Amino acid sequence: MSDSKPTYEIVLESNKITKSWELLKSQFPEKMRDCELFLRKNPEDRSKALGLLKKLKGPFKGILQYDITKDDYRVWYAVDKKNNKVVIKYAGPHPD
Amino acid sequence: MTATVFSDELINSTQLRTQQKRWLDKALIKPISILSGEKQLVLINRDTAKDIFAYNHYASMVIQFCQEQKSGKNNESKMFPWIKYLDDNETMEFTNELLTSFLEVVQTKEWNTLEELIEDWIATAEVKSHPKLVEALLSKGDPAEHVRL
């Protein structure tokens, strides 16, 4: 990873996400560490998260999905390049 | 036409046995077919073989999907059953992107870009199947409410 790259600040979109974010961190500590590192350094670079990053389409253009696990645990976020922020919009399994 | 496109060189098993290195080196550049009675084998560069298989796989996929779409049932597909979660405009967008990407990768041979496109749309369809998630992702959000980690 190049040092010249901007580092992104990770923010949760609202306090509603705090609980699910912390839950993910306690359930999958290593995977969430990898996820946080990725979001801070390369939030849009597929090559740095092979098979884990999806770029949503249609009405969700601009939203990205990082797969924490193979099954159902995901993080959805948007990248605010202007302010160097990654905004977490939802974290956890698909809601029922 | 297939024979012309394939543009292989024909040899017999004795030629291969006596000049193995020569034919193996040649096979890296263009296919070498070995004829032994009724049996026919071909030596081919693995990357070329991979491209032929990938082309066949994705061409079948795209053609089958286009046929399904031609039948008029826009949001039904055996090839991509998850498109049932997409609306007509999104299905059209997916179809256009699939065709454009397929035509590009035929030239570039970067088959993973086609796979990524499909995975992106699968993820999109999955999201659309969960209304609560759709609501959360489409909300504009207020920067004043952002929580720093």
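Preceding this paragraph is the structure being described.
First, a word on what this report is: a plain description of the structure on this page.

Calculation rules
- Residues numbered from 1 in each chain as written.
- Chains lettered and ligands numbered in written order.
- Predicted model: local features only at pLDDT ≥ 70, side-chain atom pairs only at ≥ 80, totals over all residues.
- Contact = placed C-beta atoms within 7 Å.
- Helix = DSSP H or I, 4+ residues; strand = E, 2+ residues; numbered from the N terminus.
- Nonpolar A, V, L, I, M, F, W, Y, C, P; charged D, E, K, R; others polar.
- Expected span 1.5 Å × (residues − 1).
- Buried ≥ 20, exposed ≤ 12 C-beta atoms within 10 Å, placed from the backbone.
- Arc of directions from axis to C-beta.
- Pairing = 2+ DSSP bridges.
- Axes fitted to C-alpha atoms, helices over the stretch in contact; angles between N-to-C directions.
- Parallel < 35°, antiparallel > 145°, perpendicular 65-115°, else oblique.
- Left-handed = near helix turned anticlockwise from the far one by under 90°.
- Core = buried A, V, L, I, M, F, W, Y, C linked by C-beta atoms within 7 Å.

**Topic: the interface of chain B and chain A**
Consideration 1: Contacts between the two partners involve 22 residues from chain B and, on the opposite side, 23 residues from chain A.
Consideration 2: Contributions of two or more residues to the side of chain B that touches chain A are made by α5 (88-108), α6 (111-128), α7 (131-138) and β4 (147-148) of chain B.
Consideration 3: Element by element, the count of residues in the side of chain B that touches chain A is highest for α6(B), at eight residues.
Consideration 4: Taken together, the residues that form the side of chain B that touches chain A break down as nine nonpolar, four polar and nine charged.

**Some remarks on α5(B)**
An α-helical turn contains 3.6 residues, so a residue and the one three or four places further along point in the same direction.
Residues and elements named next belong to chain B.
Consideration 1: Given a rise of 1.5 Å per residue, 21 residues ought to cover 30 Å, and the 30 Å separating the end C-alpha atoms of α5 matches this to within 8%.
Consideration 2: All of the buried residues in α5 are E90, T91, F94, L98, S101 and V105. Looking straight down α5, one finds its buried side chains confined to an arc of 100 degrees; they lie on one side. For α5, exposure combined with an orientation more than 90 degrees from the buried face picks out D88, N89, N96, T100, L103, E104 and Q107.
Consideration 3: Each element contacted by the buried residues of α5 is listed here: α4 (46-70) and α6.
Consideration 4: Residue K109 follows α5 closely and has a positive phi angle near 65 degrees.

**Here we look at the sheet that holds strand β1 (residues 9-12) of chain B**
Residue and element names in this part refer to chain B.
Consideration 1: Taken together, the three strands give an open sheet; going across it, the order is β1-β2-β3, and neighbouring strands pair in mixed fashion. Each having just a single partner strand, β1 and β3 (39-43) make up the two edges of the open sheet. Direction aside, neighbouring strands of the sheet carry axes that sit 30 degrees apart on average.
Consideration 2: Looking at chain direction, strand β2 (residues 32-36) and β3 are connected through five bridges and run antiparallel. Residue pairing across strands places L35 opposite Q40, the latter belonging to β3.

**Here's the deal with unusual backbone geometry**
Consideration 1: With a phi angle near 50 degrees, A:N84 is a residue other than glycine that sits in the positive phi range.
Consideration 2: Following the sequence through the fold, A:N84 ends up in the loop between β4 (73-80) and β5 (85-93).

**Considerations on the packing of α4(B) against α5(B)**
All names here are of chain B.
Consideration 1: Contact geometry of α4 with α5 gives a least axis separation of 11 Å together with a crossing angle of 155 degrees. When the interaxial angle is binned, α4 and α5 end up roughly antiparallel. Judged by the sense of rotation from one axis to the other, the crossing of α4 with α5 is left-handed. Seen from α4, the contacting residues are Y55, Y58, V62 and Q69; seen from α5, they are T95, L98, L99, F102 and V106.
Consideration 2: For the contact of α4 with α5, the per-class residue count stands at seven nonpolar, two polar and no charged.

**Observations regarding the nonpolar core**
Consideration 1: Counting 28 residues, the largest nonpolar core has A:Y66, A:V75, A:Y77, A:I88 and B:L137 as its most contacted members.
Consideration 2: Taken together, the elements giving at least two residues each to this core come down to β1 (9-12), α2 (29-41), β3 (63-67), β4 and β5 of chain A together with α6 and α7 of chain B.
Consideration 3: Looking at this core element by element, the count peaks at five residues for β5(A).
Consideration 4: Once residues lying within four places of it in the same chain are set aside, the contact partners of A:I88 are A:I10, A:V11, A:L12, A:E13, A:I17, A:W21, A:V75 and A:Y77.
Consideration 5: One finds B:I83, B:L86, B:W121 and B:A125 within the second-largest nonpolar core, a separate group that totals seven residues.

Nothing here speaks to function; it is all geometry.
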